[in-house]
Amino acid sequence: MVIRRNMKITFDAKELIAASEWVIKVAPNGAILMKVLENSTVIFRAEGNAGMRSITLNAHIDDMDGKNSYDFSAPHLDKMISALIKKHADGQVSFEFRPHAEEAMVSYGTLKFPVALLFGSGVLPSDSEIFSPIGTADYGDLMEYLRSANKLTGKQQNAESMIDLTFDAADSTISIMGTDKVVLGVFYLSFIPDDEYKSGKPSRFLVVPDLNNLKTDADMVSISESPESMKLGFGGGKIATIRKQEASMFPWGRLLKNVKSKSAREDEASIMVNVRDVITSSDIAISLISQAGSSIASKIIVMNVCDGKIPLRSEEDNSPVDSISTDYRGDEKTIRFNYDELKTALSALSSENVYLKYANDDVPVIVEQISQDGEIDNSVFMLINTPMNNHKKPR
């Protein structure tokens, strides 16, 4: 008679907690897959609407049996992890698997916590995807630009509410675009193209990244793609995929070309302003307007630019007025912005000062970041439609 022993897998508590949180968030009501490898490593994986998450952990494995894949109930695993957090777990946590059992017993000190096992195939939908490498990029810069573009996308679920990514090996640049059709921002990030990717055409697709679930301590991120997804590799066995979205692409390249043409920018004024000053004075200007009942049309900021000063007010008769300084000394200009759109655009930028490049009410205002050395920061290009031009479709 063959006696099968219980398999026992032991993890470091803090590593287990971090790994579980990484995968559970993507499928909180689904299944968490665990695959046990012979080299004393364990892979946790899960997949949900946002994509797939995977992470590899070192473990001590006793009496490994023929079964090397288990499906956990994500809600049960999440509650177990919450129990470990409440106990400030710091040490070893063990999982014990009995043959044909419907649960795994998790032990930490005096704590015994059963986690339900599900009947599953051990396979995720993304396992059938075939990925091709694109290249590597700085993780911090990529996340910063994704967050900035995400601020500009609005709430509606259409092509304009998604982030538009273009990878071009010819100039080693990732273009990250976000827009709500009133504000449009393009953030340019350098990357290192993979050798296999250099000979191919630029890749462009739409994504809705769950940025809160992509936090990690990686320095660099490797990027690859399949027809269905973009995959991000963060090192240390941590992987995430983001599903591509099927929607018509917004023609932002053509729009930028038209907006930047000399004929469109005739008599353009470059007006340097401090971002914080503009936001503060705009807040003051609309402070008497009822936020709850106000319409978009009533929340218009008026800037009268003349002789180094810019008084800001709303279009209401009783509007407060606050003035900010500028280095502009040209002809008087009157520029109108929708308050919400102006604040959204400026809040997505990282510089203290910007140029507002205004030609006339028929074309968008170009916003240029100014770096600390006083030069134009070409890593960002932003447009804000004026209220007079909002009804017009980009051509």
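Data block above holds the structure.
A brief report on the enclosed structure follows. Nothing here was measured: the structure is a model prediction, and the numbers come from that model.

Quick notes on the rules
Chains are numbered independently. Their residues run from 1 in the order of the written sequence. Thresholds applied to this predicted model are a pLDDT of at least 70 for local features of residues and 80 or more for the giving and counting of side-chain atom pairs; totals over whole chains, interfaces and linings are not thresholded and use all residues. For side-chain calculations, the full set of non-hydrogen atoms in the structure is used, while hydrogens and water are omitted. Think of a patch as exposed residues, more than 30% relative accessible area, with no salt bridge, where like charges cluster within 9 Å and nonpolar side chains (Val, Leu, Ile, Met, Phe, Trp, Tyr) cluster within 5 Å. Accessible surface is estimated by sampling points in the Shrake-Rupley manner with a 1.4 Å probe; for residues, cover comes only from the protein chains shown. The rule for a salt bridge is simple: a side-chain nitrogen of Lys or Arg has to be within 4 Å of a carboxyl oxygen of Asp or Glu. We count Lys and Arg on the positive side and Asp and Glu on the negative side, and we leave His and both chain ends out. To locate a charge, take atom NZ for lysine, CZ for arginine, CG for aspartate or CD for glutamate. By the criteria applied, helices consist of DSSP H or I runs no shorter than four residues and strands consist of E runs no shorter than two, each listed in order from the N terminus. Simply put, an axis is a line fit to the C-alpha atoms, just over the touching stretch for a helix, and the angle between two N-to-C directions goes from 0 to 180 degrees. Helix crossings get a hand from a simple test, with the near helix turned counterclockwise from the far one by less than a right angle marking a left-handed crossing and a clockwise turn marking a right-handed one. We call two residues contacting when some pair of their heavy atoms lies within 4.5 Å. For this classification, the nonpolar set comprises Ala, Val, Leu, Ile, Met, Phe, Trp, Tyr, Cys and Pro, the charged set comprises Asp, Glu, Lys and Arg, and every other residue, Gly included, is treated as polar. Two N or O atoms count as a polar contact when they lie within 3.5 Å, although within protein this holds only if one can serve as hydrogen donor and the other as acceptor, and sequence-adjacent residues are included solely when both atoms are side-chain atoms. To sort residues, take the accessible area from a 1.4 Å probe on protein chains only and compare it with the maximum for the residue type: under 20% means buried, over 50% means exposed, and anything in between is partly exposed.

**A closer look at a positive patch on the surface**
Next, step 1: Together, Lys 25, Arg 147, Lys 151 and Lys 215 make up a region of like positive charge exposed at the surface.
Next, step 2: Secondary-structure assignment places Lys 25 in the loop between helix 1 (13-24) and strand 2 (31-36).

**Overview of the packing of helix 1 against helix 2 (residues 74-86)**
What describes two packed helices is the angle between their axes and the distance between those same axes.
Next, step 1: At their nearest, the axes of helix 1 and helix 2 sit 10 Å apart, and the two run at 145° to each other. Judged by the sense of rotation from one axis to the other, the crossing of helix 1 with helix 2 is left-handed. On helix 2, the residues touching Leu 16, Ile 17, Ser 20, Glu 21 and Ile 24 of helix 1 are Ala 74, Leu 77, Asp 78, Ile 81, Leu 84 and Ile 85.
Next, step 2: Its residues placed into classes, the contact of helix 1 with helix 2 shows 8 nonpolar, 1 polar and 2 charged.

**Let's talk about the side chain of Ser 379**
Next, step 1: Within the fold, Ser 379 resides in the loop between strand 25 (365-370) and strand 26 (380-384).
Next, step 2: Of the polar contacts made by the side chain of Ser 379, one reaches the side chain of Tyr 145; its length is 3.4 Å.
Next, step 3: Leave out the neighbours within four places in its chain, and Ser 379 touches Tyr 145, Val 186, Phe 187 and Tyr 188.

**Structural notes on unusual backbone geometry**
Next, step 1: At Ser 40, a position not held by glycine, the phi torsion is positive, near 65°.
Next, step 2: Relative to the assigned elements, Ser 40 resides in the loop between strand 2 and strand 3 (41-48).
Next, step 3: Judged by its relative accessible area of 35%, Ser 40 is partly exposed.
Next, step 4: Its identity as a non-glycine residue notwithstanding, His 100 has a phi of 65°, on the positive side.
Next, step 5: By the element assignment, His 100 lies in the loop between strand 7 (92-97) and strand 8 (103-108).

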